[in-house]
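# Results of the structural survey
Read off the chains here:
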Amino acid sequence: MQETSLALQATVRSKQFQSAFPQYADVALPLHVDQTFTYRLPELMREVAQPGARIVVPFGRKLLTGYVVDLRNSLKEDSTLHESEIKEAEELIDAVPLIAPDVLALTRWVSEYYAAPWGEVLKAALPPGITESVEQLLSLTAKGIEATRQIPETGVQTNKAQLLTLLAARGQLSLRAAASALGQMQVVNAARALERAGAVVITQATRGALAKEKVQRAVRLISKMDPGDTSITAAQRRVVQSLEIANGLLPLRALLRTAQVSESTIKTLQKKAYVEIFSEPVRRDPLAKAALPPPETHQLTESQTFVLNEIEAQLMQKTYGTFLLHGVTGSGKTEVYIRAMRTALELGRSAMMLVPEIALTPVFSRRLRAQFGDQVAIFHSSLSTGERFDEWTRVKNGQAQIVIGTRSAVFAPVRKLGLVIVDEEHESTYRQQDSPHYNARDTAIVRAQKADAVVVLGSATPSLESFHNARGEKYHYLNLPERIGKRPMASARIIDMREAFAQHGKPRVFSDELLQAIEETQARGEQSIIMLNRRGYSSFVLCRSCGESIQCPNCDVTLTYHQSERVIVCHYCNHRRAAPKECPNCFGKYIYYVGEGTEQLEEILGKQFPALRIARIDRDTTARRSVFEKSLFDFSDGALDMLVGTQMLAKGHDFPNVTLVGVVSVDAGLALPDFRAAERTFQLITQVAGRAGRGDRPGQVLIQTYHPDHYALRHACAQDYSGFYEEEIRYRQNHSYPPFVALASLLVHGTDYEKARTTALELRKELDQANEDRACRVLGPAPAPLARLKGEHRIQLLIKSRSRRRLRQVIDAGVAGVARRGHASRSINIEIDPISIM
């Protein structure tokens, strides 16, 4: 009777426990799937699991690290799974959620708005290396051990025999390590076969995150030395004296060097209770060795004062508002940003500044650090994994109230966000080109809206969408129409390269006018910037015998020649091979390198002007962070005379001694089959022209082109944004392009062309069926402008609609319909509001 009563009480307690805490977790996995997955929580997890925590769950035959996005006491009403089919979670990694509720909500918005997998968005929101991975471990069974004894010692071994031999020699081994030793496919197939035969068992284990807190051992003086202690040696006295000079604390390595002792000496002192050896965290500071500029306080112009007052008034209200700050190059937007940040901090709020390129972070981050000290944290991909982890942790812990970074910084775990600045808001680099597709500018606006924060979108050449929103009073329009000190804008002139060709009888990289201007600039002791938006040495390699150009085997593009490495490279998939000495098609010896890139420009100018000190800035040089930063600061300090580079030079840099900007060619950009081609060209020329004449001396800009009458070039030379906007907006309206319609690109991709084509045709049928009211206009399917990329064929459909809601309904219905027909929805990339349709 008593046993029955105890069992009943245990059952009641168990039911009370189950009702008190959620039994199920919805988990987003970092996979290209448009759903979350429900898992049962073990009893010990239920009390501590929270949304935003990482969790290890079974998925198929693997264990994956996902993210808890919701908790529930029962299954969803629309769930097709029976309770018995729900798998149990394996491990909860975070007792305290890694992802804050506001960031979790933001990632959900990104997932829903951009039709992006939620798990991929969450992974993008965290610093790289922070997610624990799961490894498959291989070990021999008794049957496998016996099988190894049957393997002959001589002769060719099968893949299975090689794997058995390796496991017998090393014991338990990860699949990754085995694949590294024997080859990926051989090991995977052999392991599966041996598992089925009972010779090998495959288990799963979590592997620690790559990014962890860095610690160092340090020594602290905890008591003064007793003068009468005769057991103290001379070495031990040196240790104590070194600590006293250093205020009682030194890193262990530094102390060993300073006192010139061994570690055993310090351990002896610890036993005597004179010192304590302990571990302390070490911050990996990206600016630890950087020379900071002196803090400057500038007198604001009348326009700057008005603009700042408007922004500060909105900050005081602690309500959401978006400003479009349209300021010509050199008008002092950065000073307005810094003062607005200071106001936000004084109000007890935090600030975030997004910049479009890594190239801008060294200068901006040093300037902000000089103004705000350690309150500034830096986010961008050139930092080491440890540096990014430490900066992210400082922000999460509230130690840093200002974040500056590139696109992914929009997800930084900032507390009490009050101000968001998006500098050069028009830049296409704010758009994530790979899945998950999102626009950091628009995401920043939504984040500010949710946080009752103020947004400042700054640009000398606002995107047409932003300027259109300002005209429609969706954004507050602010204008800085003049440069600081009323300095004149640089004079710009178009050089018709058709005339240069007629004069010399052959194509020229540099016109006589540009070469003369470089020579005169050098003679005056001034600096120049030469821009060509094409890296490498030559655009492609051509055989003069058979006329074949060398193509990338994975993409429908030619390979670009890089002379510094003597290789030809695909700038899309990074396929590379040695530069050919003969044609791979006809074996002819007449190899010809066609076109020019920044590498060739640097060489030509170096030969033409041997006294010029030249550095190159492009994606190849930015890969080496120290070299790239040194070039920028050397140029700023006058140690270099010229920078040659790509569009990275066009944005945000302030070099007062630059009086000449030469644009070698913009014709390739104008010729792109993309509705934004003219806008991007106008912005690029206007921005790079803004690098000239920012000091006391006037600047000039020379633009070489074969299309001198194009309206984008005419208006860029005149620095006439309004004129360009009026002409371009009419084109957009007449052809139904944004901002007058919502636009989406659906890209069907796959290694099998016929399969991809069939999926695309079926998708078109499903879209047409969902679009019965003809609220959307569907174009395609047709081969994408880059019809093959990274080994996959690409077929594109474009959808336009004046109703964004109907656009999404038609897309969702179309993709769901294709999935019902048995086509893999993973083969369809959806881009909402694409920046480019290439």
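Here, every reference points to the structure presented above.
Residues numbered from 1 in each chain as written. Predicted model: local features only at pLDDT ≥ 70, side-chain atom pairs only at ≥ 80, totals over all residues. Heavy atoms only, no water.

### Here we look at the sheet that holds strand S23 (residues 567–569)
Taken in spatial order, the three strands line up as S22-S23-S24 in an open sheet, and their pairing is antiparallel. Both edges of this open sheet fall to strand S22 (560–562) and strand S24 (576–578), since each of them pairs with a single strand only. The average undirected angle you get between the axes of adjacent strands in this sheet is 30°. Relative to S23, S22 runs antiparallel, the two being bridged by three bridges. For Thr560, the partnering residue across the bridge sits in S23 and is Val569. (Pairing = 2+ DSSP bridges. Helix = DSSP H or I, 4+ residues; strand = E, 2+ residues; numbered from the N terminus. Axes fitted to C-alpha atoms, helices over the stretch in contact; angles between N-to-C directions.)

### Some remarks on the sheet that holds strand S14 (residues 376–379)
Hydrogen bonds between backbone atoms are what pair the strands of a sheet, whose relative direction is either parallel or antiparallel. Here seven strands make up an open sheet; going across it, the order is S14-S15-S13-S16-S17-S12-S18 and the pairing parallel. If you trace the sheet from one side to the other, it starts and ends with S14 and strand S18 (476–480), each paired once. Strand-to-strand, the axes of this sheet are offset by a mean angle of 15°, without reference to chain direction. Strand direction decides the pairing type here: strand S12 (residues 321–327) and S18, joined by five bridges, are parallel. Paired with Leu325 across the bridge in S18 is Leu478. Running over the sheet, helix H16 (residues 440–451) touches S12, strand S13 (350–354), strand S16 (417–423) and strand S17 (454–459) and is turned about 165° from S16. (Contact = heavy atoms within 4.5 Å.)

### Observations regarding helix H3 (residues 101–113)
If you check H3, its first and last C-alpha atoms are 18 Å apart, about what 13 residues at 1.5 Å a residue would give, namely 18 Å. Considered for burial, the residues of H3 that qualify are Val103, Leu104, Leu106, Thr107, Val110 and Ser111. In an axial view of H3, the angular spread of the buried residues amounts to 160°, which keeps them on one side of the axis. Close packing links the buried residues of H3 with strand S4 (62–72), helix H4 (118–125) and H16. Positive phi appears at Ala115, one or two residues downstream of H3, with a value of about 50°. (Expected span 1.5 Å × (residues − 1). Buried < 20%, exposed > 50% of the residue type's maximum accessible area, 1.4 Å probe, protein only. Arc of directions from axis to C-beta.)

### Considerations on the packing of aromatic side chains
Under the counting rule described, the total for this entry stands at 17 aromatic pairs. Their ring planes at 65° and their centres at 4.7 Å tell us that Phe467 and Tyr725 sit as a pair that is edge-to-face. A residue pair is termed long-range when its members are at least 10 positions apart, and Phe467 in helix H17 (residues 464–471) and Tyr725 in helix H26 (residues 721–734) qualify at 258 residues. Aromatic rings pair up to connect Phe467, Tyr477, Phe682, Tyr711, Tyr721, Phe724 and Tyr725 into one cluster. It is Arg220 that lies over the ring of Phe278; its NZ or CZ is 3.9 Å from the centre. (Phe/Tyr/Trp six-rings, centres within 6.5 Å; stacked < 30°, edge-to-face > 60°. Lys NZ or Arg CZ within 6 Å of the ring centre and 35° of its normal.)

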